[in-house]
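Results of the structural survey
What follows is the residue order along each chain.
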Amino acid sequence: MVATGQVTGAAGLEAPAFTAVSAEAAIEEGIDREAVIMQIKTALDLKEKFRVRNTFLQNKLGEYFRRKRAEESHDGEKSVADQEQRYANCMSALAGLRTEYETLNATNQKVVNEYKVKLEERIAEAQEKSIEFNRFKRSIALSAENSRTGKPIPGKVVEQLEATEGKKDSDVIAVRLEHIKLRNKLRRHEQLLRQKEELADGLHLIDFEQLKIENQTYNEKIEERNEELLKLRKKITNLVQVLTHVKEKLHFVQNENIVLKSSLAQLDQDVSHRRDSLPVAKQERDALRNSNITLRQKNGLLGNAPLLRDFEDKVDDTAALHSKIDELRSTHANLAAETLAVRRKIQKKMVV
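Residues numbered from 1 in each chain as written. Predicted model: local features only at pLDDT ≥ 70, side-chain atom pairs only at ≥ 80, totals over all residues. Heavy atoms only, no water.

1. Digging into the overall build of the chain
Definition in use: Helix numbers and strand numbers start at the N terminus; a helix is a DSSP run of H or I with at least 4 residues, a strand a run of E with at least 2. Think of it in three bands: residues with accessible area under 20% of the maximum for their type are buried, residues over 50% are exposed, and the middle band is partly exposed, with areas taken using a 1.4 Å probe on protein chains only. We call two residues contacting when some pair of their heavy atoms lies within 4.5 Å. Surface accessibility in these figures is a Shrake-Rupley result with a 1.4 Å probe; residues are shielded only by whichever protein chains are displayed.
Of regular secondary structure, the chain possesses 7 helices and 0 strands. In the chain, the order of α-helices and β-strands from amino to carboxyl end is α-α-α-α-α-α-α. Relative to its 352 residues, the chain shows a buried fraction of 12%. A separation of at least 24 residues holds for 72% of the contacts in the chain among residues at least 6 apart in sequence. Of the roughly 28,400 Å² of accessible surface on the chain, 58% is carried by carbon and sulfur atoms.

2. A short note on the pattern of salt bridges
Heads up, the condition is: A carboxyl oxygen of Asp or Glu within 4 Å of a side-chain nitrogen of Lys or Arg is what we treat as a salt bridge.
Scanning all chains against the criterion turns up 4 salt bridges. For Glu165, the salt bridge is made with Lys137, and the minimal N-O distance between the two is 2.4 Å. Taken together, the residues span a long stretch of sequence, with Glu165 in helix α5 (residues 155-198) and Lys137 in helix α4 (residues 80-143) at a distance of 28 residues. Among the salt bridges present, the one from Glu159 reaches Arg138, with a minimum N-O distance of 3.8 Å. Taken together, the positions of Glu159 in helix α5 and Arg138 in helix α4 put the pair 21 residues apart, joining distant regions of the chain. Because the salt bridges share partners, they merge into one network encompassing Arg138, Glu159 and Glu162.

3. Quick word on the confidence of the model for the chain
Under the convention used in this document: The pLDDT value tells you how sure the predictor is about a given residue, anywhere from 0 up to 100.
Overall, the prediction assigns the chain a mean pLDDT of 79, with 82% of residues at 70 or greater. Ranking the elements of the chain by mean pLDDT puts helix α1 (residues 2-12) last, at 36, and helix α7 (residues 305-351) first, at 87. Taken as a whole, residues 1-30 scores under 50 in pLDDT and shows 50 contacts with residues more than four places along the chain or in a different chain.

4. A few points about a nonpolar patch on the surface
For clarity, the threshold we go by: Exposure above 30% relative accessible area and the lack of any salt bridge qualify a residue for a patch; like charges then connect within 9 Å, and the nonpolar side chains Val, Leu, Ile, Met, Phe, Trp and Tyr within 5 Å.
Together, Phe133, Phe136 and Ile140 make up a nonpolar patch on the protein surface, roughly 320 Å² of accessible area in all. Structurally, Phe136 can be placed in helix α4.

5. A look at a negative patch on the surface
Put simply, the rule reads: Asp and Glu are treated as the negative residues and Lys and Arg as the positive ones, with His and the ends of the chain left uncounted. For this purpose, a charge sits on NZ of Lys, CZ of Arg, CG of Asp or CD of Glu.
A cluster of acidic side chains, namely Glu120, Glu121, Glu125, Glu128 and Glu132, defines a negative patch on the protein surface. Note that Glu132 resides in helix α4. For Glu132, a relative accessible area of 49% puts it in the partly exposed group.

Put into structure tokens, the structure is as follows:
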């Protein structure tokens, strides 16, 4: 409950920070800058003290409850009166802190309201002065003349210059506000560091324990990341080997492709050359074919082995038949002579 009250108090002091940003824009128009900055700084320091105190009390409560649980585990038979007394003390401390918080909150709220009223008045006054000043500058610019031509400055040029000036003023205000924010943030951090150095040793011990736990957690995460990194390195090694093999194969295939391309080009040349010489060869073939036909017609059986063999066989058969005819003729003549002799003998016998 104490921690909750302190957090609410810290949140309730957010208004001065935003008021500081709004106030700084009006401070540049003529408000008492140093006084407002000091008051805002005081409010921010008070807010930071409450926040640090809230953190400290939260850590103290956590340490108290841990110690209380440890004591109860060793000695579980504590008297109810002692516990009630401790509870009453805690409630009284809580009531005092709440009263202090409400007092500080009311005071801060009153201061904030006062500064808001003053700020609104100063902003209205600054806006009026700014409008008057812009009107004065515009009237001067419109009444001015060019030193070379003697002509007045056109209204469009004046409007363009006013727009450029307004844009630059807005840029300057934005940069100035950013500078103020960063400066206040730096002061808060410096104040926080100083307050942390002034805290009790218990807070340092709690921070040390928390840091130890966080360190252990980070070490576990680092080990997990190292394992993942080792796996990734193995994968990278395998991928590098595969990539090297692929590169070698690609190089070999590229060389083979070059050789095949050169062979293909040579073959294309040969095909083209032979395609060009093909009509001439066909003409020569046709001429030779016609010449061969003519020669065959002239030579008869010359060059035709089967017909020549058949002709030789026929010649041999013809010679054999002629010789047989001669033999048969001689035999027929002999028989005719014998027949004639026999006929004569027969005739003689008949005559006798």
